[in-house]
Structures are given as structure tokens and as C-alpha cells.
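Observations on the model geometry
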There are 2 protein chains.
Amino acid sequence: MRELGRHFVFEMFGCDRKALNDLRAIEDAMEKGAVDAGATVVGKVFHKFAPQGVTGVVIIAESHLSIHTWPELGYAAVDVFTCNTATDPMKAYDRIADLLKPKSSSIMELKRGLLTEGKD
Amino acid sequence: MRELGRHFVFEMFGCDRKALNDLRAIEDAMEKGAVDAGATVVGKVFHKFAPQGVTGVVIIAESHLSIHTWPELGYAAVDVFTCNTATDPMKAYDRIADLLKPKSSSIMELKRGLLTEGKD
């Protein structure tokens, strides 16, 4: 039984609060992170909230990367969902963590699309 | 200890294969699903793959909704991430399921941003 997609759920705490509110830098890190991971970018959408916070998604041929930031709390929720085993989501993590500099983080991997009906 | 965001992970199996490949209908259901859930849409990006499959994200003031479809396998991976307790992710599920008609599905809720350092 093989999954169709690997979904990495990153929790980043104690991040650089200024970086968490920098739309342009986050957009750049997310897009470069996708490329670093070996993915192909096919679209993106980002938004900066008032008074603070950034939300954004890069869609890739292999699924998506998303980020939501809470600058006032030093927290970012980052997801990397990829359906190609050749990609390396940790490369995207490294690029984003290099910008946000979390003091602590957690990583969880979800296997998405585990088919049981006659699929191997 | 309260989470900053609730992240619903939906796995939909045995979906209508034609609907899984209908970019316009999926985009419409995702956007309306966000509104049904009580969210505010601030952006979106969708992509149709050759020969098949649709990927897309709606970003909302409360985080995001994403979908990735595998028409050839009848499967869709749908996520609804919201940081406002007033929203109801199941309303988005209902709208999307109404289009895709999964024969079976699973739902998992992740609590995102559980802060322990002096936060309640």
C-alpha cells in the first residue's frame, strides 16, 4: 500500500517576528523552497493582513506549499504537500527556516491517499 | 492551552471521476465552500494538469482551503485550515462532497499552533 502524497506539517515556534511579517521575503523563501525541494511551481497567491500576518500558497506540479504567520506570537504554520517521491520537503523547510529562524519546531508527516481497493 | 488554528484533513475516495477533472466546477465549489464555512476569501489559484487532475487553493482571511485530485483513482485530498472558531469547516466539506460525491471519506482534525510558553 503506497500513498499518493506525502504531506509534511511543520510547526515553527519562536520565529523572528519581523521576518514573519515580511510578505516579500516569505514569498521569495516559499518559492525558492519549492524549487530547492525539486518541485515545479505553477502558481502562487499571497496576502498580508492588517495589522500583521502573512498567508500564502505556492501551488506546484506536485501539490502545494502553504504558510500562515502570527508575528505577534512568533509562530508560523507551514505545510508541504508533495505527490512526487523525488522531491525533498525538508529542503523547503530549510529555506523557510533560514528566513524565520524558529527557536523550536515540530515536523509531522501525513500519508495522503492511501488506497486500499485493489491498489498496491 | 488553545490552538491558533484548526486544520481539517479530508480524504475523499470513490469520487465522481468526471467531477474530479472539472476545474471550473471545483474552483466554484471551493470558493462557495469557503463562504459556506463563514470564511472571507482573499485570493485563489487553480491549475489543471494534463492529462488529468486539478490542484487549487483558496486563501481566506482565516487561512486556506486546498484540493488535489486524482481523477484516474477517484481520489481527492482536501484541507481546510481556519484560525477563526466561528467558521465551520464541515460546511466547506459538504459543498465539496456535494460535487465530488465520495463513496467514502475520512476526516482528521489537527490543532495548529498550540503554544505552551505562557499562553493559555
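Residues numbered from 1 in each chain as written. Chains lettered and ligands numbered in written order. Predicted model: local features only at pLDDT ≥ 70, side-chain atom pairs only at ≥ 80, totals over all residues. Heavy atoms only, no water.

Cis geometry is found at the peptide bond from A50 of chain A to P51 of chain A, where omega equals 5°. Phi at K101 of chain A is positive, roughly 50°, even though this residue is not glycine. Assignment of secondary structure puts K101 of chain A in the loop between α2 (89-100) and β6 (104-112). Non-glycine residue S63 of chain B carries a positive phi angle of around 130°. Summarising the element assignment, S63 of chain B is placed in strand β4 (residues 63-70). (Helix = DSSP H or I, 4+ residues; strand = E, 2+ residues; numbered from the N terminus.)

Counting residues at the interface gives 38 residues for chain B, matched by 37 residues for chain A. Buried area between chain B and chain A, both sides added, is near 2800 Å², and the carbon and sulfur share of it is 73%. Remark: the boundary between chain B and chain A carries four salt bridges. Between R112 of chain A and E11 of chain B there is a salt bridge, and its shortest N-O distance comes to 2.5 Å. Every element with two or more residues in the side of chain B that touches chain A is listed here: β1 (5-13), β2 (41-48), β3 (54-60), β4, β5 (75-82) and β6 (104-112) of chain B. Among the elements that make up the side of chain B that touches chain A, the one with the highest residue count is β2 of chain B (six residues). Its residues assigned to classes, the side of chain B that touches chain A comprises 23 nonpolar, nine polar and six charged. (Contact = heavy atoms within 4.5 Å. Buried area = accessible area lost by both parts, 1.4 Å probe. Salt bridge = Lys/Arg side-chain N within 4 Å of Asp/Glu carboxyl O. Nonpolar A, V, L, I, M, F, W, Y, C, P; charged D, E, K, R; others polar.)

Here the focus is the sheet that holds β4 of chain B. All names here are of chain B. The antiparallel open sheet is built from six strands, whose spatial order is β2-β3-β4-β5-β1-β6. The sheet is open, and its two edges are formed by β2 and β6, each paired on a single side. With strand direction ignored, the average angle separating the axes of adjacent strands in the sheet is 10°. Each of β1, β4, β5 and β6 touches helix α2 (residues 89-100); the most contacted strand, β1, lies at about 20° to it. (Pairing = 2+ DSSP bridges. Axes fitted to C-alpha atoms, helices over the stretch in contact; angles between N-to-C directions.)

Right, let's get into the confidence of the model for chain A. In the predicted model, chain A carries a mean pLDDT of 95, and 97% of its residues have values of at least 70. In the predicted complex, the global pTM is 0.94; the interface-specific ipTM is 0.92. (pLDDT = per-residue confidence, 0-100.)

For G113 of chain A, the location among the structural elements is in the segment after β6. With 109 residues separating them along the chain, G113 of chain A and L4 of chain A place their C-alpha atoms 5.0 Å apart. Not counting residues within four places of it along the chain, the set of residues in contact with G113 of chain A comprises R2, E3 and L4 of chain A together with E11, F13 and Y75 of chain B.

Attention now moves to the pattern of salt bridges. As enumerated under the stated definition, the model contains 16 salt bridges over all chains in all. One connected set of salt bridges, linked through shared partners, spans E11 and D79 of chain A together with R112 of chain B.

This next bit is on the packing of aromatic side chains. Ring pairs (aromatic) are described by centroid distance and by the angle formed between their planes. All names here are of chain A. For the structure shown, the criterion picks out eight aromatic pairs over all chains. Arranged with centres 4.9 Å apart and planes meeting at 50°, the rings of F10 and Y93 form a pair that is tilted. With F10 in strand β1 (residues 5-13) and Y93 in helix α2, this residue pair connects regions lying 83 residues apart in the sequence. One exposure class covers both F10 and Y93, and it is buried. Members of the aromatic cluster, each reached through a chain of ring pairs, are F8, F10 and Y93. (Phe/Tyr/Trp six-rings, centres within 6.5 Å; stacked < 30°, edge-to-face > 60°. Buried < 20%, exposed > 50% of the residue type's maximum accessible area, 1.4 Å probe, protein only.)

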